Amino acid sequence: QPPALMRIVIAGGGTGGHLMPALAIADALRAVNPAVEPVLVGARRGIEATLLPKRPYRHVLLSAEPLYRGAWWNNLRWPFIAWRVLRQAGQVLERERPALVVGTGGYAAGPVLFAAHRRGLPIALQEQNAMPGLTTRLLARWATQVHLGFPEAERHIRVRPPTRVFAHGNPISPPSTEPGRRARVRGELGIPPEAQVLLVTGGSQGSRAINEAVARALDAGALEGMWLLWSTGERHFEAQRRFDVPPKRQVRRFWDPIATAYSAADLVVARSGAMTTAELCAYGLPSILVPFPHAAAGHLARNAEALEQAGAAVHLPESALNGAVLADLVQDILRRADRLAAMSRAAAGRGHPEAAERIARQLLEEAAVK
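Now for a quick tour of the structure.

Criteria and cut-off values
Within each chain, residues carry numbers counting from 1 in the order of the written sequence. Only residues with pLDDT of 70 or above have their local features reported here, since the model is predicted, and side-chain atom pairs are shown and tallied only from 80 upward, although totals for entire chains, interfaces and linings are computed over all residues. Hydrogens and waters are ignored; side-chain quantities use all the structure's heavy atoms. Here is the rule: rings of Phe, Tyr and Trp (six-membered ring for Trp) pair when centre to centre is within 6.5 Å. Planes less than 30 degrees apart are stacked, more than 60 are edge-to-face, and the remainder are tilted. Numbering of helices and strands runs from the N terminus, with a helix taken as a DSSP run of H or I at least four residues long and a strand as a DSSP run of E at least two residues long. When a residue's accessible area, from a 1.4 Å probe over protein chains only, is under 20% of the maximum for its type it is buried; when over 50% it is exposed; and in between it is partly exposed. Each ring is checked for a lysine NZ or an arginine CZ that lies within 6 Å of its centre and within 35 degrees of its normal; such an atom marks a charge sitting over the ring. The pairing criterion for strands is at least two bridges between them, as found by DSSP. Only the stretch in contact is used when fitting a helix axis, every axis being a line fitted to C-alpha atoms; angles between N-to-C directions are given from 0 to 180 degrees. Throughout, a residue-residue contact means that at least one pair of heavy atoms, one from each residue, lies within 4.5 Å. An expected span of 1.5 Å times one less than the residue number is assigned to each helix.

**Some details on the packing of aromatic side chains**
Part 1: The tally for this structure, following the rule as stated, stands at three aromatic pairs.
Part 2: When the ring of Tyr262 is compared with that of Tyr283, the centres are 5.0 Å apart and the planes differ by 45°; the resulting orientation is tilted. Of this pair, Tyr262 sits in helix 9 (residues 258–264) while Tyr283 sits in the loop between helix 10 (274–282) and strand 12 (287–289), and the two are 21 residues apart along the sequence.
Part 3: Under the relative-accessibility criterion, Tyr283 is labelled partly exposed at 21%.
Part 4: Cation over ring: Arg252 sits above Trp255, and NZ or CZ is 3.7 Å from the ring centre.

**What about the sheet that holds strand 12?**
Consider a sheet: its strands pair through backbone hydrogen bonds, and that pairing is either parallel or antiparallel.
Part 1: Judged by pairing direction, the sheet is parallel, and its six strands sit side by side in the order 10-9-8-11-12-13 without closing on themselves. The open sheet is flanked by strand 10 (249–252) and strand 13 (313–315), the only strands paired with a single partner. The average undirected angle you get between the axes of adjacent strands in this sheet is 15°.
Part 2: Pairing of strand 8 (residues 197–201) with strand 9 (residues 227–231) involves five bridges; the strand directions are parallel. Bridging from a neighbouring strand, Leu199 pairs with Leu229 of strand 9.
Part 3: In this fold helix 11 (residues 299–309) packs onto strand 12 and strand 13, with an angle of close to 135° to the strand it touches most, strand 13.

**Regarding unusual backbone geometry**
Part 1: A cis amide bond, omega 10°, links Pro161 with the succeeding residue Pro162.
Part 2: Mapped onto the elements, Pro162 comes out in the loop between strand 6 (145–148) and strand 7 (164–166).
Part 3: One non-glycine residue, Arg97, lies in the positive phi region at around 45°.
Part 4: Turning to its location among the elements, Arg97 is positioned in the loop between helix 3 (78–96) and strand 4 (100–103).
Part 5: Using a relative accessible area of 63% as the deciding quantity, one classes Arg97 as exposed.

**Some points on helix 7 (residues 208–219)**
Part 1: With 12 residues, helix 7 extends 16 Å from end C-alpha to end C-alpha; this agrees with the ideal 16 Å at 1.5 Å per step.
Part 2: Restricting attention to buried positions, one finds in helix 7 the residues Ile210, Asn211, Ala213, Val214, Ala215, Ala217 and Leu218.
Part 3: Elements that come into contact with the buried residues of helix 7 comprise strand 8, strand 9, helix 8 (237–240), strand 10, strand 11 (267–270) and helix 12 (323–335).
Part 4: Remark: Gly221 follows helix 7 within two positions and exhibits a positive phi of approximately 75°.

This is the structure:
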């Protein structure tokens, strides 16, 4: 008979920033040890309800809901929701009997981790941001391992022995090591080898503020000297498609895979989500980061500040963003080859393309102890 699979439950989701690390860890666990069966747990209301059915892992969706920071009155139902979700989480754990439970954040992770701790199961956390989220801050002291995407996050958590804290970086799909990939990708996109290429992306949802600033800069003729790869997001594409004049300006709803655009770019304008910044560093890409200003606990601003202090990025608050400011900043960075190269080195120095594998090996070590 084939050996019994070791099950590891990975709870996280709600947004891509919590789900994609969970999937990257699941992929790495299977790559390191095919005898491991990752079981993904998320929320019915999260992005995982759409994405997990397309992935090769068993998964469970709980009836969890987020904490509402604006419409606070919706939180009055939380005692009833929490009881139901904890019961569902307990049923999952009883059925799966995992060797380890891993949380990557989001509103489904907390109940699963809490239920696991109550049952004496070892728990591990993966925190993406420089400012840890609520789940990490509350549960770090109970975890056997805490994996940080930003080393700056360690000062904001409290742990006690025997918890081990690692700063391997955020788990992503690593860049291709194919020789000559940059030249090949540029050739496929019709971009000359000597061109300066600006990539603009607002993440999976797109950013109205970034898109409007780029549009104003283009209308003013302020970005004439460079080639542009622009991901607007689905909702904003129609408003900006007039700028799509290939090959010099290529405007798309999404760059899929984003690795293609990263491989061709010299400079990136982006939001400062943890997974985006992890990818930028893995590719050694200088960036101008415009954090979403309404993120919980200002954690996106903390990400941008951390990379700015490392010399890898410029933090541009959305309140200071307009077409002229953005164009001046882009031009200043691109015209100074020494600054561009220094930012690239600093980004690469913060890059952890091997993070998913390292995290997986540490988790498997913990699971084997059990």
